Amino acid sequence: MTNPTPRGTRIAHLGIAVESLDAILPFYRDILGMPETPLDDADGARIKAVAAGESLVELLQPEKSDSPIGKFLAKRGPGIHHICFAVDDLDGMLARCKAHGIQLIDETPRIGAEGKRIAFLHPKSTAGVLVELSEY
Ligand SMILES: CC[C@H](C(=O)O)C(=O)SCCNC(=O)CCNC(=O)[C@H](O)C(C)(C)COP(=O)(O)OP(=O)(O)OC[C@H]1O[C@@H](n2cnc3c(N)ncnc32)[C@H](O)[C@@H]1OP(=O)(O)O
Ligand SMILES: [Co+2]
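Residues numbered from 1 in each chain as written. Chains lettered and ligands numbered in written order. Predicted model: local features only at pLDDT ≥ 70, side-chain atom pairs only at ≥ 80, totals over all residues.

- Looking up the protein in an unreviewed UniProt entry gives the name Methylmalonyl-CoA epimerase, with the organism given as Pseudogemmatithrix spongiicola.
- UniProt annotates the protein under Sequence similarities (unreviewed entry) with the comment "Belongs to the methylmalonyl-CoA epimerase family." (UniProt positions renumbered as here; feature names shortened; annotations may be inferred.)

Encoded structure:
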């Protein structure tokens, strides 16, 4: 099988569902010393991000209970919510995933919190892990 991502697939970010940004941000930013990076809020969540080298950690606090993060917190409590991989060609990768039977949540890419094109894959197709793909 040909490698569709010549630069390799790096982790763009990890998404962590949190009850309170105010309570947890100081751990990452002030104790661990990870620089805060401004991001837009999205998908009914307030988002704060800190840098981990070339990757980010997104802290996601729900604004409403029926949002993806609100439902996740209610069912599972705080914890790792999704992993995001950067790919060179998002449209090509979505077609490739679909051709291999992976269920797409977003058939059409949309703009994520970093202003990049993103799309999610369903956790039922990916061993229970919600996967986000982001174009470099
Ligand atoms: C895009 C902006 C930003 C960025 O980085 O740029 C973000 O990352 S925002 C992050 C929040 N946005 C999303 O998560 C969008 C994608 N997610 C979804 O579309 C939904 O959350 C979905 C489809 C994964 C689940 O929605 P649904 O309404 O079906 O929720 P349920 O609670 O009924 O869950 C059904 C089923 O899926 C399991 N589930 C849900 N979330 C996760 C998860 N994060 N990881 C693993 N599994 C998950 C849930 O437990 C249910 O399983 P079941 O066995 O049926 O109980
Ligand atoms: Co994300």
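Alright, that's what it looks like, and here's the rest.
**So, the overall build of the protein**
Step number 1: Of the regular secondary structure elements, the protein holds three helices and eight strands.
Step number 2: Listing every helix and strand of the protein by position from the N terminus yields β-α-β-β-β-α-β-α-β-β-β.
Step number 3: Here the C-alpha atoms of the protein give a radius of gyration of 15 Å, agreeing with the 14 Å that 2.2 N^0.38 yields for 136 residues.
Step number 4: In terms of overall dimensions, the protein has C-alpha extents of about 45 × 30 × 25 Å along its principal axes.
Step number 5: Of all 136 residues assigned to the protein, the portion counted as buried reaches 26%.
Step number 6: For the protein, the proportion of contacts with a sequence separation of at least 24, taken over those separated by at least 6, is 53%. (Helix = DSSP H or I, 4+ residues; strand = E, 2+ residues; numbered from the N terminus. Rg over C-alpha atoms; globule rule 2.2 N^0.38 Å. Buried ≥ 20, exposed ≤ 12 C-beta atoms within 10 Å, placed from the backbone. Contact = placed C-beta atoms within 7 Å.)

**A look at the UniProt feature "domain: VOC" (unreviewed entry) in the protein**
Step number 1: Residues annotated in UniProt with the feature "domain: VOC" (unreviewed entry) correspond here to residues 10–136.
Step number 2: Between the end C-alpha atoms of residues 10–136 there is a gap of 10 Å, over a span that is 24% helix and 37% strand.

**Focus: the sheet that holds strand 3 (residues 45–52)**
Step number 1: Strands sit in the order 2-3-4-1-5-8-7-6 across an open sheet of eight strands; the sheet is mixed. A strand with exactly one partner marks an edge of an open sheet, and here the two such strands are strand 2 (36–37) and strand 6 (110–111).
Step number 2: Sheet topology places strand 2 next to strand 3; two bridges connect them, and they run antiparallel. Looking at the pairing, glutamate 36 lines up with valine 50 of strand 3. (Pairing = 2+ DSSP bridges.)

**Examining unusual backbone geometry**
Step number 1: Phi at aspartate 43 takes a positive value of approximately 55°, unusual for a residue other than glycine.
Step number 2: Its place among the elements puts aspartate 43 in the loop between strand 2 and strand 3.
Step number 3: Phi at alanine 127 takes a positive value of approximately 55°, unusual for a residue other than glycine.
Step number 4: Here alanine 127 lies in the loop between strand 7 (117–121) and strand 8 (130–135).
Step number 5: Of the residues examined, alanine 127 has 7 C-beta atoms within 10 Å and is grouped as exposed.

**So, the site of ligand 1**
Step number 1: Around ligand 1 there are 24 residues in total, and Ala42, Pro68, Gly112, Ala113 and Leu130 lie nearest to it.
Step number 2: Put simply, the parts of the chain that give the shell around ligand 1 at least two residues each are strand 4 (55–62), helix 2 (68–76), strand 5 (79–87), strand 7 and strand 8.
Step number 3: Looking at the shell around ligand 1, the element that brings in the most residues is helix 2, giving five residues.
Step number 4: Across the shell around ligand 1, the residue classes break down as 13 nonpolar, five polar and six charged. (Near = placed C-beta within 6 Å. Nonpolar A, V, L, I, M, F, W, Y, C, P; charged D, E, K, R; others polar.)

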